[in-house]
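Examining the three-dimensional arrangement
Listed below, chain by chain, are the residues.
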Amino acid sequence: MTVHFIGAGPGAADLITVRGLRLIQSCPVCLYAGSLVPGEIVAAAPAGARVIDTAPMTLDEILAEIEAAHGRGEDVARVHSGDPSLYGAVAEQIRRLEALAIPYDITPGVPAFAAAAAALKLELTVPELCQTVILTRTAMKSSAMPTGEELSTLGRSGATLAIHLSVRNIPHIQRELTPLPAYGGDCPAIIAYRVGWEDEAFIRTSLAELHRAAREAKLTRTALIFVGRALGATDFVDSKLYDAAHVHVLRPKRKKVAEG
């Protein structure tokens, strides 16, 4: 018996991995976050499977279902949205499973920030402008942010920021980032709402206008916020990867540049 933690992707049912879908199709028990995982994905569970929406359940109740399945020798598909490694409350479940000596594995999923970048046709790392992406959030009703992970601290890097779980905390984001040289009020910002779902929406704005844009769209949840200069970059150098003068192990000789 194994508990399979499966990343279902951000919303679109066809963004789940082949491995993840096959595991769901084979498990007699499927526990999923109903508010974030499409019904089409868990509908792939085998006929007669025990399929349970864990959204209203506590951690103890979820573990009780897993323990019962373990007692019956039945594999469990534990389906999370996005990728389980990000804000999925997987660590606390794993800690309980290890204490109970219940086997588990993890199948990755497409994270929301990657799906949003794809939909926006963006590269988040632009040569000589930004080569770092920071995935973070802000503290509201959830657990506090550790010391040293404040936006004002992270923002000193000038990285592209993908800020999760914070659409109701935008004034704080603006206060923390606007004074920093790498950002400022004119810095490009994007609100990515319900990425991967049929009603997904993207609002391009600036850091200064971010709060107004969110209020006008009446967004209060299920949104990811991007901030960074790479989001609006057009005048940047080409990378060295395909430069004819750049030699590497797979292209050991310089190529002649065609004369025009």
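As a starting point, this report considers the structure included with it.

The rules behind these values
Residues numbered from 1 in each chain as written. Predicted model: local features only at pLDDT ≥ 70, side-chain atom pairs only at ≥ 80, totals over all residues. Heavy atoms only, no water. Helix = DSSP H or I, 4+ residues; strand = E, 2+ residues; numbered from the N terminus. Buried < 20%, exposed > 50% of the residue type's maximum accessible area, 1.4 Å probe, protein only. Contact = heavy atoms within 4.5 Å. Areas by Shrake-Rupley, 256 points an atom, 1.4 Å probe, with all protein chains shown as cover. Pairing = 2+ DSSP bridges. Axes fitted to C-alpha atoms, helices over the stretch in contact; angles between N-to-C directions. Phe/Tyr/Trp six-rings, centres within 6.5 Å; stacked < 30°, edge-to-face > 60°. Lys NZ or Arg CZ within 6 Å of the ring centre and 35° of its normal. Parallel < 35°, antiparallel > 145°, perpendicular 65-115°, else oblique. Left-handed = near helix turned anticlockwise from the far one by under 90°. Nonpolar A, V, L, I, M, F, W, Y, C, P; charged D, E, K, R; others polar.

Some thoughts on the overall build of the chain
Along its length, the chain carries eight helices and ten strands. Structurally, the chain occupies a C-alpha span of about 70 × 50 × 35 Å along its principal axes. Taken over 260 residues, the chain has a buried fraction of 42%. Pairs at least 24 apart in sequence give 67% of the contacts found in the chain among residues at least 6 apart. For the chain, the accessible surface area stands at approximately 14200 Å², while carbon and sulfur atoms represent 53% of it.

A few points about the environment of alanine 112
Within the secondary structure layout, alanine 112 lies in helix α5 (residues 112-120). We classify alanine 112 as partly exposed; its relative accessible area is 25%. Remark: the alpha-carbon pair of alanine 112 and glutamate 176, spanning 64 residues in sequence, is separated by 23 Å. Filtering out sequence-adjacent residues up to four positions away, alanine 112 remains in contact with Pro10, Val195 and Leu224.

Quick word on the sheet that holds strand β1 (residues 3-7)
Pairing is parallel across the open sheet formed by five strands, whose spatial order is β3-β2-β4-β1-β5. Of all strands in the sheet, those bounded by a partner on one side alone are β3 (50-53) and β5 (104-107). Along the sheet, successive strands turn relative to each other by an average axial angle of 15°, direction set aside. With four bridges joining them, strand β2 (residues 29-32) and β3 adopt parallel strand pairing.

Concerning the packing of aromatic side chains
Tallying each qualifying case throughout the model produces one aromatic pair. Geometrically, the ring pair formed by phenylalanine 5 and tyrosine 104 is edge-to-face, given 6.3 Å between the ring centres and 80° between the ring planes. Remark: tyrosine 104 occurs in strand β5 and phenylalanine 5 occurs in strand β1; sequence separation between them is 99 residues. The ring of tryptophan 197 is capped by arginine 194, whose NZ or CZ atom sits 4.5 Å from the centre of that ring.

Quick word on the packing of helix α3 (residues 59-72) against helix α4 (residues 90-99)
Two numbers describe how α3 lies on α4: the axes approach to 11 Å, and their chain directions differ by 45°. Taken as axis vectors, α3 and α4 run oblique relative to one another. Of the two elements, α3 crosses α4, and the hand of that crossing is right-handed. Facing Leu59, Asp60, Ile62, Leu63 and Ile66 of α3, the residues of α4 in contact are Glu92, Gln93, Arg96 and Leu97. Of the residues contributing to the contact of α3 with α4, the split by class is five nonpolar, one polar and three charged.

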